[in-house]
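In case you want the letters, here they are:
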Amino acid sequence: MSRRDQILETAAELFAARGFHGVSVAELGAACGISGPALYKHFPSKDAMLAAMLVGISEELLDEGQRRVAAASGAEDALRSLISWHIDFAVERRALIVVQERDWQSLPAEARERVRTLQRDYVDLWADQLRKLDGALTLDRARAISHTNFGLLNSTPHSSRIPAGEMREVLEVMSLRALDIS
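Residues numbered from 1 in each chain as written. Predicted model: local features only at pLDDT ≥ 70, side-chain atom pairs only at ≥ 80, totals over all residues. Heavy atoms only, no water.

**What about helix α2 (residues 25-32)?**
Then, in step 1: Within α2, burial applies to L28, G29 and C32. The arc enclosing the buried residues of α2, seen along the axis, measures out at 95°, which places them on a common side. Exposed residues lying more than 90 degrees from the buried face of α2 are A26 and A30.
Then, in step 2: Buried residues in α2 make contact with α1 (3-18) and α3 (46-71).
Then, in step 3: Looking one or two places after α2, you find G33, whose phi comes out positive at around 80°. (Buried < 20%, exposed > 50% of the residue type's maximum accessible area, 1.4 Å probe, protein only. Helix = DSSP H or I, 4+ residues; strand = E, 2+ residues; numbered from the N terminus. Arc of directions from axis to C-beta. Contact = heavy atoms within 4.5 Å.)

Take a look at the structure:
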């Protein structure tokens, strides 16, 4: 893992615990084992760090989702793979979900728009597969179903009270049922 990625991971944990505005640059540096000003070698500002964090995970979700859809044998296989991928994200990177929920408004406007665009594309990736399974679904309804499923999966930071392996099983069963995939 690069130093930049370590800084982002540490920042995500701190922001999730105390909020973006509740963490100083000096505290971020100390948590990373460097001085606060040394963070500026990697990011021009704390805002830029938040932007890199949330744009980065949005790009990662979409890129991996696209790879999984391209490798799938059909829509059901694609949705199963998307579910698995999103569960991995939700269980392993809970802090990013909390930061996205809590600190969205702190994102600089350009980064906020980039995240919105990436997230719309990710939703549409799921919606397209749902519509392939059910030709009667409108795009708006398929998007709504996708968003509802994300709500289920992204509840993990608030609902996970069991070991990660068990939580993965619970999320998979519930997501498959919610999407009516047997």
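**A closer look at the pattern of salt bridges**
Then, in step 1: For the structure on display, the rule yields 12 salt bridges.
Then, in step 2: A salt bridge links R93 to E60; the shortest N-O distance between them is 2.8 Å. Residue R93 is found in the loop between α4 (75-92) and α5 (94-103), and its partner E60 is found in helix α3; the two are separated by 33 residues along the sequence.
Then, in step 3: With a relative accessible area of 32%, R93 lands in the partly exposed category.
Then, in step 4: Judged by relative accessible area, E60 falls into the partly exposed class, the value being 32%.
Then, in step 5: D140 is the partner of R143 in a salt bridge, and the nearest nitrogen-oxygen pair spans 3.8 Å. A residue pair is termed a helical-turn pair when its members lie 3 or 4 positions apart in one helix, as R143 and D140 do in helix α7 (residues 139-153) at three residues.
Then, in step 6: Taking the relative accessible area as the measure of exposure, R143 reaches 28% and is therefore partly exposed. (Salt bridge = Lys/Arg side-chain N within 4 Å of Asp/Glu carboxyl O.)

Just distances and angles here, no functional claims.
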